[in-house]
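Here is what each chain is made of, one letter per residue.
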Amino acid sequence: MAEPRSPDVFARARFRLALLFAGIVVILVVVSGFITYLNVRSDLQTAARGAFSSGETEQEFVTRSLSSFRWRLLAVDGAIILAVGIGGLLYARSTLRPIRDNVAAQKRFIADASHELRTPLTIMKTDFEVAMRAPGFAEEARSVLRSGLEEVDRMTGMVEDLLTLSRIDAHQEQLVDERFDLAGLARQTAQKLAGLAAESGVTVQADAADSAPAAGDERHTRRALVNVLKNALEHSPPGGTVEVRAAVAGGVSSVTVTDHGEGIPPGEVEHIFDRFYRADLSRSQERGGSGLGLAIARWALRRMGGDLVAESTVGSGTRMTLTLPTPRS
Ligand SMILES: Nc1ncnc2c1ncn2[C@@H]1O[C@H](COP(=O)(O)OP(=O)(O)OP(=O)(O)O)[C@@H](O)[C@H]1O
Ligand SMILES: [Mg+2]
């Protein structure tokens, strides 16, 4: 197993790639210049020997020489470019290998660490729950236990996200193809988060659209909806509303989640789908977000043939649209 390298691996790679670039230019200039020189010399020598005096005019000799020279030059240049291209590719691959090993080692570490963290977190959760049920604890102690339990749940969510990410990278995350009602799932999710919404004084208005038949992985879709809805709640001002609407049109079922929060600046809208991206770092850290929710949600929806897109206006709010194909009958 390759050892993780120190960060100077980047400096070394930069130096080697710069060297490669300079080397390619030097080879192209020197070799093609030398070949040109050889060709011109040979033609001049031929001319000096009076080759064109035997029935060929000077003009005919020049035209013939130039034409043959052009083809030779093209063939030689083509061969040099091919050789330099293949050589460059091999060299660049060996130059980038330490970086690739580094990234692989980091991914392995994330996968292993998340895996290792799972068991202690489960034990802590059980211990907190047992302690909460035990009689004789003062209310202050219970409140400490409750807050500890919330933190454990939050950490469990983050560890699960990291594990999912590792499985995605290792091409091990499996999606199932099911038929389900997207509108119903959106309603259920909204109901499940009603308590959380009430805590922050936000009202969720889920429309009663009958149904929106969808094909895809229900568990991943639920997870995406929970994340999008939680984000909307977290970014809504107290007393605000979040609207959840479902629709079916043209072979596509969709759910839109609209909030009236602070919105996202235009240059940042696409970045919210990047891994570990958190626009408002301090706020996100405070509530323990890892910035993985939307990256995983978009990956899953796209794998199911759907998508997750954001539209936002600073100062008036954000609308997230989640789409899935309707089942083929
Ligand atoms: N409705 C929204 N309004 C404003 N900003 C948003 C909204 N939804 C997402 N964002 C921004 O996008 C970032 C990424 O969201 P994402 O759900 O991926 O991560 P997170 O909520 O920070 O953490 P978690 O992994 O726990 O979901 C958020 O940190 C936030 O800055
Ligand atoms: Mg989130």
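Residues numbered from 1 in each chain as written. Chains lettered and ligands numbered in written order. Predicted model: local features only at pLDDT ≥ 70, side-chain atom pairs only at ≥ 80, totals over all residues.

## Side note on the overall build of the protein chain
Counting its secondary structure elements, the protein chain contains eight helices and seven strands. Relative to the compact-globule value of 20 Å for 329 residues, the protein chain shows a C-alpha radius of gyration of 32 Å, a clear excess of over 25%. The long-range fraction of contacts in the protein chain, counting pairs at least 24 apart against all pairs at least 6 apart in sequence, stands at 74%. (Helix = DSSP H or I, 4+ residues; strand = E, 2+ residues; numbered from the N terminus. Rg over C-alpha atoms; globule rule 2.2 N^0.38 Å. Contact = placed C-beta atoms within 7 Å.)

## Section: the nonpolar core
L182, A186 and V228 are the most contacted members of the largest nonpolar core, which totals 40 residues. Counting only elements with at least two residues in this core, the list comes to helix 4 (182–192), strand 2 (203–206), helix 6 (218–234), strand 4 (241–249), strand 5 (252–259), helix 8 (293–303) and strand 7 (317–325). The greatest single-element share of this core, amounting to seven residues, is contributed by helix 8. With residues up to four places along the chain from it excluded, the contact list for V228 reads V257, A297, M320 and L322. (Core = buried A, V, L, I, M, F, W, Y, C linked by C-beta atoms within 7 Å. Buried ≥ 20, exposed ≤ 12 C-beta atoms within 10 Å, placed from the backbone.)

## Points about the domain arrangement of the protein chain
Split into domains, the protein chain comes out as domain 1 (1–173) and domain 2 (178–325). Distance between the C-alpha centres of domain 1 and domain 2: 34 Å. Contact residues are listed per partner, giving six residues for domain 1 and seven residues for domain 2. Among the residues forming the side of domain 1 that touches domain 2, the class breakdown is three nonpolar, one polar and two charged. (Domains from an automatic or database assignment. Nonpolar A, V, L, I, M, F, W, Y, C, P; charged D, E, K, R; others polar.)

## Structural notes on the packing of helix 6 against helix 8
The geometry of helix 6 relative to helix 8 is characterised by a closest axis approach of 9 Å and an angle of 145° between their N-to-C directions. Note on packing geometry: the crossing formed by helix 6 with helix 8 is left-handed. Contacts between helix 6 and helix 8 involve H220, R223, A224, N227 and V228 from the former and G293, L294, A297, A300 and L301 from the latter. Among the residues making up the contact of helix 6 with helix 8, the classes are represented as six nonpolar, three polar and one charged. (Axes fitted to C-alpha atoms, helices over the stretch in contact; angles between N-to-C directions. Left-handed = near helix turned anticlockwise from the far one by under 90°.)

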